[in-house]
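Chain and residue survey
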Amino acid sequence: MRTVAEHRARIRALGIVAAPRSVPVDDSVGHVLAEDISAPVAVPAFDVSAVDGFAVTMNDLCTGSAPAVRGPRVAGPVTDPEVHVAPGTAIQIMTGAQVPSGAQAVVPVEATSGFVDDFTSGHVRISGSFAKGANIRVAGGDIAANEKVLTAGTRLSPNRIGVLRALGRTHVRVRSALRVAVVSTGSELVWAGEDTRPGQIHESNGSMLGADLAACGATVRRPNPIGDDVNSLRDTLELCADWADLIVTTGGISAGTEDVVRLALQGRDADFGPVALKPGRPQGLGRVDGVPIVCLPGNPVSSFVSYEVFVRPVVRAALGHRAIDRPTREVPLLSTLNAGRAGYTRYLLGILEIDGVTPCGPSSGSIRALAASDCIIVVDDTSFDHGSQVRAWVLDNSSCDRFR
Ligand SMILES: Nc1nc2c(c(=O)[nH]1)N[C@H]1C(S)=C(S)[C@@H](COP(=O)(O)OP(=O)(O)OC[C@H]3O[C@@H](n4cnc5c(N)ncnc54)[C@H](O)[C@@H]3O)O[C@H]1N2
Ligand code: MOO
């Protein structure tokens, strides 16, 4: 039987990566750039005033100077070619506005008198001394035209999204916009919100895995659950392969004759078999039209745990996260644990408390255990006494933090 490490290595070897693709800049936070970003034009593209004040020439930069204020004040672009600052004149200007031609400095309004309080005076009196270029952000002074600003491989954060927008970009090429199709199988499954007939249950695995995939930054699609029809599952998987970088299925892989996922992938590049973990023993992997597929068992806890063990790390790597694995803690066990099946690593849902961790019980189908848990205890097949130190993967329950 394959070990967990061997199965993880096989999944890594599938080479799950996102195809580089263009995404809207406003949706690109967290993604990793697939292109270098250069400024198409200089930044700023024109001389800009850094203050509210008066644009003047060098002649009028000393205390006592009182240039005549000309024309309308400038609050944005200068479109009128007549707007020009000549020696002995000043133009009132606002922060961020284009500096008119001829101006060699902008004197802040606080260093002036006589005009703002009395417009009729026609002159502004300057106090203080200012150097040439004072309070002017010169064209290209921040970024030169064609200068590289961001390098491929950089993770996009809100401040860098500001940079992309400032450079006029609407879309950006990223190499981490991973698309994952999650396909739930089982003729008993109906969507929540629909009535169940006897023998039917509400689909939950796809939502559960889809929620984490989306939280990690993947784009997720979830087709309708597929029953026991091998052909419709094949059709669905092929449609998914047209879109996705990775397909994840749940259910339909154990030893039964109706195990639709195994049957649909029979004769293809796929491999099913037991792996030495509990829960999550039945596992599969392969490719559909070249696209990696990972097949997880259907029992909800098995599905959740095996996603955490096998899928989440490769998805996070493909999304460009630095933190691939869950943070772990060594904590005392608050109950005893009997020995498990020989040779199997156990991944038990658990509840973290201040003084230790309590396992939620061994059932692979327990919805109650999913409700209670906030960690996964990873132990070997031996027995453990109350108080033994065990390793726990801390699940990301940050969305619940504010309710604690
Ligand atoms: N003869 C054997 N039977 C089983 C074996 C075995 O080795 N020999 N292994 C058992 C183990 S371990 C597991 S785990 C399950 C895995 O079976 P499948 O992956 O084929 O899963 P299903 O039979 O389709 O479903 C199992 C269980 O989970 C429920 N389920 C499935 N999908 C969903 C979903 N999307 N949302 C909610 N619940 C779901 C389903 O109704 C079943 O109750 O096989 C054992 N049997
Ligand atoms: O190994 Mo299965 O995943 O226990 O229920």
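Residues numbered from 1 in each chain as written. Chains lettered and ligands numbered in written order. Predicted model: local features only at pLDDT ≥ 70, side-chain atom pairs only at ≥ 80, totals over all residues. Heavy atoms only, no water.

Naming follows an unreviewed UniProt entry, where the protein chain appears as Molybdopterin molybdenumtransferase of Williamsia maris. What the UniProt record of the protein chain gives under Pathway (unreviewed entry) is the line "Cofactor biosynthesis; molybdopterin biosynthesis." The UniProt entry for the protein chain carries the following text under Cofactor (unreviewed entry): "Mg(2+)". (UniProt positions renumbered as here; feature names shortened; annotations may be inferred.)

Another aspect to go through is the site of ligand 2. Around ligand 2, the neighbouring residues are Lys278, Pro279, Gly280, Arg281, Pro282, Asn299, Ser302 and Ser364. Arg281 is positioned with one of its backbone polar atoms (N or O) 2.9 Å from an oxygen atom of ligand 2. One can see that ligand 2 is located within the largest pocket. The class makeup of the residues in the shell around ligand 2 is two nonpolar, four polar and two charged. (Near = heavy atom within 4 Å. Polar contact = N/O pair within 3.5 Å; in protein donor to acceptor, adjacent residues only side chain to side chain. 1 Å grid on protein atoms, 1.4 Å probe; cavity = no way out; pocket = protein on both sides within 12 Å on 5 of 7 lines; lining within 4 Å. Sits in = over half its atoms within 2 Å of the grid points. Nonpolar A, V, L, I, M, F, W, Y, C, P; charged D, E, K, R; others polar.)

Turning next to the environment of Ser157. Positionally, Ser157 belongs in the loop between strand E11 (148–150) and helix H2 (158–166). Ser157 gets classed as buried once you look at its relative accessible area, which sits at 18%. Residues Ser157 and Gly30 lie 127 residues apart in sequence; the distance between their C-alpha atoms is 5.9 Å. (Helix = DSSP H or I, 4+ residues; strand = E, 2+ residues; numbered from the N terminus. Buried < 20%, exposed > 50% of the residue type's maximum accessible area, 1.4 Å probe, protein only.)

Here we come to a negative patch on the surface. Together, Glu188, Asp228, Asp229, Asp235 and Glu258 give the surface a local cluster of negative charge. Considering the arrangement of structural elements, one finds Asp228 in the loop between strand E16 (219–221) and helix H4 (230–243). (Patch = residues over 30% accessible without salt bridge, like charges linked within 9 Å, V, L, I, M, F, W, Y side chains within 5 Å. Areas by Shrake-Rupley, 256 points an atom, 1.4 Å probe, with all protein chains shown as cover. Salt bridge = Lys/Arg side-chain N within 4 Å of Asp/Glu carboxyl O. Lys, Arg positive; Asp, Glu negative; His and termini not counted. Charge placed at Lys NZ, Arg CZ, Asp CG, Glu CD.)

Moving on: the sheet that holds E16. In spatial order, the strands read E16-E13-E17-E21-E20-E18; together these six strands make up an open sheet with mixed pairing. The open sheet is flanked by E16 and strand E18 (270–274), the only strands paired with a single partner. Neighbour to neighbour, the strand axes of the sheet diverge by 20° on average, direction disregarded. As defined by bridge partners, strand E13 (residues 179–184) adjoins strand E17 (residues 246–250) across five bridges and the pair is classed as parallel. (Pairing = 2+ DSSP bridges. Axes fitted to C-alpha atoms, helices over the stretch in contact; angles between N-to-C directions.)

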